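# Descriptive structure summary
The chain contents come next:
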Amino acid sequence: MLLGVLSWLCSSLLVSVGGGKLPEAEVQVEVMHRPFLCHRKSKYGDILLVHHEGYFQNGTMFHSSYTEGDKQAVWFTLGIREVIKGWDKGLQDMCSGEKRRLVVPPALAYGKEGRGKIPPESTLTFIIEVMEIRNGPRSHESFQEMDLNDDWKLSKQEVKEYLRKEFQRHGYPPNDTHHESMVEDIFTKEDENQDGFISSREFTYKHDEL
């Protein structure tokens, strides 16, 4: 998926001034539309289905999920750095059907290096519409459903199987490459003792630290 390639680029911007440090750069968030009814709001660990457009500061569009590629909205998990840090920060507490404009500084986007068509030190604007919010593999509610053999620990295969079923349940084709990437990221961050499993304790107590 397109959004999978936006990961691993979450560098911090700390500038020293007179021996002190300025606060980390922030995302400017503008709510363009919010539905009257909101049954749940997005939180870290949720899987979001989004359409988005990206613009440079001069107003030139560099990407649109509405018109490019397969023209499909894309899934990603919020808060585990699958996307740029500006998205993880700016898409919290959103409703399904809500649309926001995010102005993301370089430190929360692609930093000093840039990426592909994105030049270094680029401030980017994104118009993002959340189409659907689902419990993700990192949500507390999902643990028992994922623990297929009821042994109070999760294997990589159990997490991957959960993702596959969730995508198929809602009419979206499974994407093994993306699922495997998500699983590896989860285990890197949560398998504290590196035994190849995520225990119920590891799963539970890592969430608030994301």
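Preceding this section is the structure that the text describes.
Note that the coordinates shown come from a computational prediction; the quantities given were computed from them, not determined experimentally.

## Focus: the state of the cysteines
Under the counting rule described, the total for this entry stands at 1 disulfide. In this model, Cys38 is linked to Cys95 through a disulfide, with the two sulfur atoms separated by 2.1 Å. With the S-S dihedral at roughly -100 degrees, the linkage between Cys38 and Cys95 falls on the left-handed side. With Cys38 in the loop between β3 (28-33) and β4 (47-55) and Cys95 in the loop between α1 (85-90) and β7 (99-104), this pair connects stretches of sequence that are 57 residues apart. Taking the relative accessible area as the measure of exposure, Cys95 reaches 1% and is therefore buried.

## Concerning the packing of helix α3 (residues 156-169) against helix α4 (residues 176-190)
Two elements in contact, α3 and α4, have axes separated by 10 Å at closest approach and are oriented at 135 degrees. In terms of axis orientation, α3 runs oblique to α4. Seen along the crossing, α3 lies across α4 with a hand that is right-handed. Together, Lys156, Val159, Lys160, Leu163, Arg164 and Phe167 of α3 and Asp176, His179, Glu180, Met182, Val183, Glu184, Ile186 and Phe187 of α4 make up the contact between the two elements.

## Things to note about the packing of aromatic side chains
Counting across every chain of the model gives 4 aromatic pairs. Here the aromatic rings of Trp87 and Phe126 are separated by 5.3 Å at their centres, their planes lie at 85 degrees, and the arrangement is edge-to-face. Note that Trp87 is positioned in helix α1 and Phe126 in strand β8 (residues 124-134), a separation of 39 residues in sequence. A single burial state applies to Trp87 and to Phe126, both of which are buried.

## Section: unusual backbone geometry
Leaving glycine aside, a negative phi is the common case for residues, and trans is the common case for peptide bonds. Phi at Asp93 is positive, roughly 60 degrees, even though this residue is not glycine. Judged by relative accessible area, which is 46%, Asp93 ranks as partly exposed. Positive phi is not limited to glycine here, since Asp150 has a value of about 55 degrees. Here Asp150 is to be found in the loop between α2 (143-146) and β9 (153-154). Residue classification places Asp150 among the exposed residues on the basis of a relative accessible area of 58%.

Cut-off values and rules
Residues numbered from 1 in each chain as written. Predicted model: local features only at pLDDT ≥ 70, side-chain atom pairs only at ≥ 80, totals over all residues. Heavy atoms only, no water. Disulfide = S-S within 2.5 Å. Helix = DSSP H or I, 4+ residues; strand = E, 2+ residues; numbered from the N terminus. Buried < 20%, exposed > 50% of the residue type's maximum accessible area, 1.4 Å probe, protein only. Axes fitted to C-alpha atoms, helices over the stretch in contact; angles between N-to-C directions. Parallel < 35°, antiparallel > 145°, perpendicular 65-115°, else oblique. Left-handed = near helix turned anticlockwise from the far one by under 90°. Contact = heavy atoms within 4.5 Å. Phe/Tyr/Trp six-rings, centres within 6.5 Å; stacked < 30°, edge-to-face > 60°.

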